[in-house]
Amino acid sequence: MIAERDNPVEPPSYKSAFITVLGRPNVGKSSLVNKLCGEKIAITSNKPQTTRHKIRGVLHRPDAQLIFVDTPGIHKPRTSLGERLNTKAVSTLTEIDIVCFVVDATSPIGPGDRYIAEKLGLETIVLVNKCDKAKKPQIAERLLEASELSFSEYFPVSAKTGEGLPVLVEHLFGLTQEGPMFFPAEQITDMSDRDYVAELVREQLLRIMEKEIPHSIATRVTEWEWPRIRIEILVERESQKGIVIGHKGENLKKVGTQVRKQLAEGAYIELQVNVDKNWQKRPDEIERLGY
Ligand SMILES: Nc1nc2c(ncn2[C@@H]2O[C@H](COP(=O)(O)OP(=O)(O)OP(=O)(O)O)[C@@H](O)[C@H]2O)c(=O)[nH]1
Ligand SMILES: [Mg+2]
């Protein structure tokens, strides 16, 4: 008792940090955020420029939280949408505490990576992702290349297997500073249910569609009367409409089935395909779609 009175125990302080996850398209940023948070938060695909929103995913501990900010892959833009996605990703740099710069272990660090690296502070943490897919010498080579960027820390990781992530998470919690609980314990993302479901539809379409079509697709919920959810799929040309619908509607059926599996039981998905010419080149339409 006396010892306790002499050394009063301070109430535990709460710690938090924002961590932005940046990199070229397709390096695995969204996959990493999902794995780190232990839940699917962002959609992923093998097509570049999958992510269009800045999405926050939260990893909670009783005394601290890490808020990961997934961003659109930074690339050479060809459309208004592309420009907007780059701006969105780069804008996170002014509002975060920690930066994780993701590169792909399976391909050399190139001009696209360097372009991004130049914008980052020296305290940036480099994540060499997809280590499950790379041979040991390849990982070593990538770490060596990355070390030439003169950042502070380098972690070989895999979003697929989770390899390297526990060490990274410990390191990140170690960097948190006293701060507010930005998200309550039960909340793991700031994305609304409506946006999430629209994204799930786009994810399935990305899986099915080839070539340029994925970039032409936008999705949004137009009606939500649980269990009935109506989602509009926008394409840019009449010719794309038939491709998206598929023979006798088979693509839409597949998409609906896969999305329903990821929702609470009983969800009823209605998909409608509309043409909106060149929406991704028109800033007003991009704004309306919320990208
Ligand atoms: N083998 C392997 N594949 C991975 C890993 N991480 C991501 N992928 C795959 O790489 C592809 C791209 O992953 P995403 O997470 O969508 O990449 P992203 O960086 O968010 O891409 P954008 O949103 O387009 O910028 C998907 O096919 C993933 O399954 C990994 O650690 N190992
Ligand atoms: Mg992504």
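Provided above is the structure to which this section pertains.
Presented here is an overview of the structure given in this document. For clarity, every value in this text was computed on a predicted model and none was experimentally measured.

## Let's talk about the overall build of the chain
Okay, step 1: For the chain, the helix and strand inventory stands at 11 helices and 10 strands.
Okay, step 2: Against the compact-globule benchmark of 19 Å for 291 residues, the chain has a radius of gyration of 21 Å, which places it among compact chains.
Okay, step 3: Structurally, the chain occupies a C-alpha span of about 75 × 50 × 35 Å along its principal axes.
Okay, step 4: Across the 291 residues of the chain, 36% fall into the buried class.
Okay, step 5: Taking contacts inside the chain between residues at least 6 apart in sequence as the whole, the part at least 24 apart equals 69%.

## A short note on the nonpolar core
Okay, step 1: Judged by nonpolar contacts, the single largest core of 64 residues is most densely connected at Ile-19, Phe-101, Val-201 and Ile-233.
Okay, step 2: In terms of residue count, strand β4 (residues 98-104) provides more of this core than any other element does, 6 residues in total.
Okay, step 3: Counting residues domain by domain, this core receives three or more from each of domain 1 (15-178) and domain 2 (193-288).
Okay, step 4: Setting aside chain neighbours within four positions, we find Ile-233 in contact with Val-201, Leu-205, Ile-217, Thr-219, Val-244, Leu-271, Gln-272 and Val-273.

Analysis parameters
- Residues numbered from 1 in each chain as written.
- Chains lettered and ligands numbered in written order.
- Predicted model: local features only at pLDDT ≥ 70, side-chain atom pairs only at ≥ 80, totals over all residues.
- Helix = DSSP H or I, 4+ residues; strand = E, 2+ residues; numbered from the N terminus.
- Rg over C-alpha atoms; globule rule 2.2 N^0.38 Å.
- Buried ≥ 20, exposed ≤ 12 C-beta atoms within 10 Å, placed from the backbone.
- Contact = placed C-beta atoms within 7 Å.
- Core = buried A, V, L, I, M, F, W, Y, C linked by C-beta atoms within 7 Å.
- Domains from an automatic or database assignment.

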